[in-house]
Amino acid sequence: MTASASNRRQAFLPRGALAVENPLGTAPAFIVEQGDRTIVALPGVPREMEHLLATRVIPHLRRRLGLRGEIRLRVLKTVGLGESRIGEQLADFMEKEANPTVGTLAHPGQVDIRIAAKAEDGQICEALIAPVEAEIRRRLGDHVFGADEVTLEGVVGEGLRAAAARVAVIEVGTAGLVAARLAPAAADQLAASLVLPDLDSARRLGLQVVDGDVEHRAGRLAEEAAKWAGVAVGAAAVIDAPGDGSAMVAAAVSLNGKSRARTWRLGGDPVSTRMRAAVLLLDHVRRALPGA
């Protein structure tokens, strides 16, 4: 079989270049050394690029530069505590020149804690990280919902699967962010989703919107969600923005007909408020499920 012209071009290399074998595709990859500089050409396909970077390029650079040692990371994910509060509780771990180092990174509604260790090899790094991670988890308790690639919606999905339960969600003012996060992570556990701009829309649909504060209303909507979809778990988020630059956000979960709700007053722009409200409801569901 004769190769096409485009495939033949993929076999060409600059003079003096080191070919990098690509076991995941046909796109070319190579390394050129010129004086004290190194030029690396990798495929644009993320899967191929990331594999070659980790298995070929970084080992090559480590050998060329005589680098020794490794850096390993663990990222703990938290909800329910602000960055400053976490900083206060972990101040002794955040001292400069420490190994492992500990730092925080805030996202809307979530704070990540990064533990980074440097040592001669990965096993020593992991041994350095382990006691620090254990103590941070002890101090922060169930505010830590996972580590590294774990997501809050993934944890909720696992909790629903473990309970053999499905959830129905009503969102008022969040633009559907809760369902958007749950749908890919827990498609089989998301029984139904209703996204509304305001409580008047809920009334027009015949849902029971009771009088009272935003927390009480969210609790009733969570119960309505479960009844509407015929499932054991209902969840509701309600954002009430009075126009003074703040918003009242309520998250509620109904489990087997009994609801529990919480309210927060949040500042900030509407986009960040919606994102934080989605995180608060997901975390509320996580904590309400059996075994949490």
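The paragraphs below set out a description of the structure included in this document. Computed from a prediction, not measured in an experiment: that's the story for all the values here. (Residues numbered from 1 in each chain as written. Predicted model: local features only at pLDDT ≥ 70, side-chain atom pairs only at ≥ 80, totals over all residues. Heavy atoms only, no water.)

The strand order across the open sheet built from four strands is E5-E6-E4-E7, with neighbouring strands paired in antiparallel fashion. The open sheet is flanked by strand E5 (101–107) and strand E7 (144–147), the only strands paired with a single partner. Adjacent strand axes in the sheet meet at a mean angle of 25°, parallel and antiparallel pairs treated alike. (Pairing = 2+ DSSP bridges. Helix = DSSP H or I, 4+ residues; strand = E, 2+ residues; numbered from the N terminus. Axes fitted to C-alpha atoms, helices over the stretch in contact; angles between N-to-C directions.)

Attention now goes to the sheet that holds strand E8 (residues 167–172). The five strands lie next to each other as E9-E8-E10-E11-E12, forming an open sheet whose pairing is mixed. The open sheet terminates on both sides in strands that have one partner only, identified here as strand E9 (190–196) and strand E12 (258–267). Averaged over all neighbouring strand pairs, the angle between strand axes comes to 10°, with direction disregarded. Sheet analysis places strand E11 (residues 246–255) next to E12, joined by 10 bridges and oriented antiparallel.

Right, let's get into the side chain of threonine 78. Structurally, threonine 78 is set in strand E4 (residues 70–79). Taking relative accessible area as the criterion, threonine 78 reaches 1% and is therefore assigned buried. A polar contact is formed between the side chain of threonine 78 and the backbone oxygen of valine 111, at a distance of 2.7 Å. Discounting residues that sit within four places of it in the chain, threonine 78 has contacts with Ile86, Gly109, Gln110, Val111, Ile113, Leu140, His143, Val144 and Phe145. (Buried < 20%, exposed > 50% of the residue type's maximum accessible area, 1.4 Å probe, protein only. Polar contact = N/O pair within 3.5 Å; in protein donor to acceptor, adjacent residues only side chain to side chain. Contact = heavy atoms within 4.5 Å.)

On to the packing of helix H5 (residues 152–162) against helix H6 (residues 177–185). Two numbers describe how H5 lies on H6: the axes approach to 9 Å, and their chain directions differ by 60°. Taken together, the axes of H5 and H6 are oblique relative to one another. Here H5 runs over H6; the crossing is right-handed. Residues Leu152, Glu153, Gly154, Val156 and Arg161 of H5 form the contact with H6, whose participating residues are Arg181, Leu182 and Ala185. Residues that form the contact of H5 with H6 fall into these classes: four nonpolar, one polar and three charged. (Parallel < 35°, antiparallel > 145°, perpendicular 65-115°, else oblique. Left-handed = near helix turned anticlockwise from the far one by under 90°. Nonpolar A, V, L, I, M, F, W, Y, C, P; charged D, E, K, R; others polar.)

The relative placement of two packed helices is expressed as an angle between their axes plus a distance between the axes. Axis separation between H5 and helix H9 (residues 270–288) bottoms out at 9 Å; the angle between their running directions is 30°. Put simply, H5 runs roughly parallel to H9. Regarding H5 and H9, the two cross each other, and that crossing is left-handed. Within the contact between the two elements, H5 uses Leu152, Glu153, Val155 and Val156 and H9 uses Val279, Leu282, Asp283, Val285 and Arg286. Residue classes in the contact of H5 with H9 are distributed as six nonpolar, no polar and three charged.

By themselves these figures say nothing about function.
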